[in-house]
Amino acid sequence: MSTETQDGEDDLKERVVNFLRRNFPQIQMHGGSAAIRDLDRETGEVTVLLGGACSGCGISPMTIQAIKTRMVKEIPEINEVHADTGMDGDMGGESRGGTSPSFPGDTSDDTTDIEDDQGPQAPF
């Protein structure tokens, strides 16, 4: 690989990283992470892996869709974006480290009788 090609890929990679930081600060603010898994300058394809709290997060599909839609508009060299939390597919055999989704009010106490669970109580 020539030095010029390497410099071009480094510049593109830096622009993708800056795009993620600038447009999606909530990923890191909520305990998640976004990393470039693969970047192919020739085809214009980038693969982004969301991790940490993004794995199992109920709104991560919306975040993924926003990344896919906005990145191709903002970075002309990018033609296609693949993004995943690693929860529902193999991302190269790496450890996904994901957890099951959690919701406010959930407990990890296995002794709770599910039939007695009446759901959340109204505040009035």
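Placed above this text is the structure.
Please read all numbers here as calculations on a predicted model, not as lab measurements.

Caption draft 1: Representation of the overall build of the protein chain. Helix and strand counts for the protein chain come out as three helices and three strands. N-terminal to C-terminal, the α/β element order of the protein chain is α-α-β-β-α-β. For the protein chain, with 124 residues in total, the buried portion stands at 27%. By sequence separation, contacts in the protein chain at least 24 residues apart represent 54% of the contacts at least 6 residues apart. As displayed, the protein chain has an accessible area near 8800 Å², and 48% of this comes from carbon and sulfur atoms.

Caption draft 2: Local environment of the pattern of salt bridges. Within the structure shown, the criterion is met by three salt bridges. Across the salt bridge formed by Arg 22 and Glu 74, the nearest N and O atoms sit 1.9 Å from each other. On the criterion of sequence distance, the pair formed by Arg 22 in helix 1 (residues 3-23) and Glu 74 in helix 3 (residues 60-74) is long-range, its members being 52 residues apart. With relative accessibility at 37%, the residue Glu 74 sits in the partly exposed group. Counted as one network, the salt bridges with shared partners bring together Asp 11, Arg 15 and Glu 77.

Caption draft 3: Summary view of the nonpolar core. In this structure, Val 16, Leu 20, Val 46, Ile 67, Met 71 and Ile 78 are the most contacted members of the largest nonpolar core, which totals 19 residues. Among the secondary structure elements, those contributing two or more residues to this core are helix 1, strand 1 (32-40), strand 2 (45-52), helix 3 and strand 3 (80-84). Examining the composition of this core, we find that four residues originate from one element, helix 1, more than from any other. Those residues within four positions of Ile 67 in sequence are excluded, and the remaining contacts are Phe 19, Leu 20, Phe 24, Ile 27, Leu 50 and Val 81.

Caption draft 4: Just the pairing of strand 1, in detail. Sheet analysis places strand 1 next to strand 2, joined by eight bridges and oriented antiparallel. By the bridge assignment, Ser 33 is partnered in strand 2 with Gly 51. With antiparallel pairing between neighbouring strands as the criterion, strand 1 and strand 2 make up a hairpin whose turn holds four residues, including Gly 44 at a positive phi of roughly 75 degrees.

Caption draft 5: Spotlight on the packing of aromatic side chains. The final tally for this structure, using the stated rule, is one aromatic pair. Seen in terms of ring centroids, Phe 19 and Phe 24 are 5.9 Å apart; in terms of plane orientation they differ by 65 degrees. Their pairing is edge-to-face. Here Phe 19 falls in the buried class, since its relative accessible area comes to 0%.

Caption draft 6: Spotlight on the side chain of Thr 85. Summarising the element assignment, Thr 85 is placed in the segment after strand 3. Not counting residues up to four positions away in its chain, the partners in contact with Thr 85 are Leu 49, Leu 50, Cys 54, Ser 55, Ser 60 and Ile 64.

Rules and cut-offs
Residues numbered from 1 in each chain as written. Predicted model: local features only at pLDDT ≥ 70, side-chain atom pairs only at ≥ 80, totals over all residues. Heavy atoms only, no water. Helix = DSSP H or I, 4+ residues; strand = E, 2+ residues; numbered from the N terminus. Buried < 20%, exposed > 50% of the residue type's maximum accessible area, 1.4 Å probe, protein only. Contact = heavy atoms within 4.5 Å. Areas by Shrake-Rupley, 256 points an atom, 1.4 Å probe, with all protein chains shown as cover. Salt bridge = Lys/Arg side-chain N within 4 Å of Asp/Glu carboxyl O. Core = buried A, V, L, I, M, F, W, Y, C linked by side-chain atoms within 4.5 Å. Pairing = 2+ DSSP bridges. Phe/Tyr/Trp six-rings, centres within 6.5 Å; stacked < 30°, edge-to-face > 60°.

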